[in-house]
Amino acid sequence: MNKQHDILEDKHFRDTGFSVPEGYFDDFPERMIERIRLEQPLRVKHKQLGFYRPWMTWVSGVAAILVIGWIGFRVLIQRPSEEALFQDRLEFLVEYSGNELNEALLAGYIEEKGIVLTNQDNTEIDNFIRNNPDQAEELIYESIIY
Amino acid sequence: MGGNLKNSSKGHYCPTMERISDNELLNLFRNTEKQEYYFRLIIEKYQEKLYWLIRRMVLVHEDADDVLQNTFIKIWKGLPAFRESSGLYTWMYRIATNEAITFLKARQKEKRQMADDPENHIKDSLKSDPFFNGDEVYERLLIAIQQLPAKQKTVFRMRYFDELSYDDISKMLKTSVGALKASYHHAVKKIQLSFNDSD
């Protein structure tokens, strides 16, 4: 049978076979937005409460100065490192990979790039990620996709 | 921005999709308080592309619908941190692909039949889907694709169904064009072989 040749050449064939319920794409955005509202409520502006008193403005102002001062002090003594920022990105990548990150595959990719790992345990992989954040991120992308 | 707005058929204002670029959409999403509104525009712009990408992987409409929703949830959560090292669609394509793979892996664990008898599993799934109306040849093509190794499967789908260029696939999968051509070639050969075997 030569049908497989036709199938692989025929541009129209690839678009047949599947359909969707009527109006599916018209309704989907609204359904999606509804779901997003349930998943992660968006920031809403708080209405002014009935027990508001003018002195509260002063108190909250002083509190804000204290909080900003405290944050500034923390930033000075504990500046967020590149590593911490990378860890955030890494956590996001792992999260969106559905926790399916394949460490063995990642180790394979690392070796493929000419980096020798004496034993492919988690500590060594972890060290590589910390020391080569940009390169590691690319490798993680690759290991996630397959 | 006002110049880009027109009245849509659904009675609400939306920017003309042909005119608004992904970068503009991203900027609008990030720099206004109407994130929901601009996210809806992103959904409207890409829902069909992503749906068909997912549907060809999971085959059944209900499953594709679930995976598409999960994909947009991940996109919603990830957009504020999206670093634009790749294009918006490339990034969403990866998320959709990963979501579909995750779904298939979870399904595989649930149903041992898939591992034991993938051909009948796919046939049963397609039969039970009221939104599948392909003929026997199409069914055999889908079965042949499902049985390809992961990388060949991905490359074949991107070339055959999504009609992406090797250059685009190369950027998306970070694989050389030569390696992609080899993967596609092997995939086609295996599909042809599977048709010959079943004759």
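Scroll up to find the structure this text is about.
Since the structure is predicted, the reported quantities are computational estimates derived from the model, not experimental observations.

**Let's talk about the packing of aromatic side chains**
Two numbers describe a pair of aromatic rings. These are the distance of the centres and the angle of the planes.
Part 1 of the argument: Considering all chains together, one arrives at 20 aromatic pairs over all chains under this definition.
Part 2 of the argument: Between Tyr51 of chain B and Trp52 of chain B, the aromatic rings sit 4.9 Å apart at their centres with planes inclined by 85 degrees, giving edge-to-face as the arrangement.
Part 3 of the argument: Relative accessible area serves as the criterion here: at 0%, Tyr51 of chain B is assigned to the buried category.
Part 4 of the argument: According to the relative accessible area criterion, Trp52 of chain B is partly exposed, its value standing at 22%.
Part 5 of the argument: By way of ring pairs, the aromatic residues Tyr24, Phe25 and Phe28 of chain A together with Phe29, Phe39, Tyr51, Trp52, Phe72 and Trp76 of chain B are connected into one cluster.
Part 6 of the argument: Positioned above the aromatic ring of Tyr166 of chain B, the side-chain terminus of Arg159 of chain B is 4.2 Å from the ring centre.
Part 7 of the argument: Arg159 of chain B extends its terminal NZ or CZ atom over the ring of Tyr184 of chain B, reaching a point 5.8 Å from the ring centre.

**Overview of the packing of helix H2 (residues 24-39) of chain A against helix H3 (residues 61-78) of chain B**
Part 1 of the argument: Two elements in contact, H2 of chain A and H3 of chain B, have axes whose closest approach is 10 Å; the angle formed by their N-to-C orientations is 50 degrees. The angle between the axes of H2 of chain A and H3 of chain B places the two elements in the oblique class. You can see that H2 of chain A and H3 of chain B cross each other, and the crossing is right-handed. Across the interface between the two elements, Tyr24, Phe28, Arg31, Met32, Arg35, Ile36 and Glu39 of chain A from H2 of chain A touch His61, Asp65, Leu68, Gln69, Asn70, Phe72, Ile73, Trp76 and Lys77 of chain B from H3 of chain B.
Part 2 of the argument: A per-class count over the contact of H2 of chain A with H3 of chain B returns eight nonpolar, three polar and five charged.

Cut-off values and rules
Residues numbered from 1 in each chain as written. Chains lettered and ligands numbered in written order. Predicted model: local features only at pLDDT ≥ 70, side-chain atom pairs only at ≥ 80, totals over all residues. Heavy atoms only, no water. Phe/Tyr/Trp six-rings, centres within 6.5 Å; stacked < 30°, edge-to-face > 60°. Buried < 20%, exposed > 50% of the residue type's maximum accessible area, 1.4 Å probe, protein only. Lys NZ or Arg CZ within 6 Å of the ring centre and 35° of its normal. Axes fitted to C-alpha atoms, helices over the stretch in contact; angles between N-to-C directions. Helix = DSSP H or I, 4+ residues; strand = E, 2+ residues; numbered from the N terminus. Parallel < 35°, antiparallel > 145°, perpendicular 65-115°, else oblique. Left-handed = near helix turned anticlockwise from the far one by under 90°. Contact = heavy atoms within 4.5 Å. Nonpolar A, V, L, I, M, F, W, Y, C, P; charged D, E, K, R; others polar.

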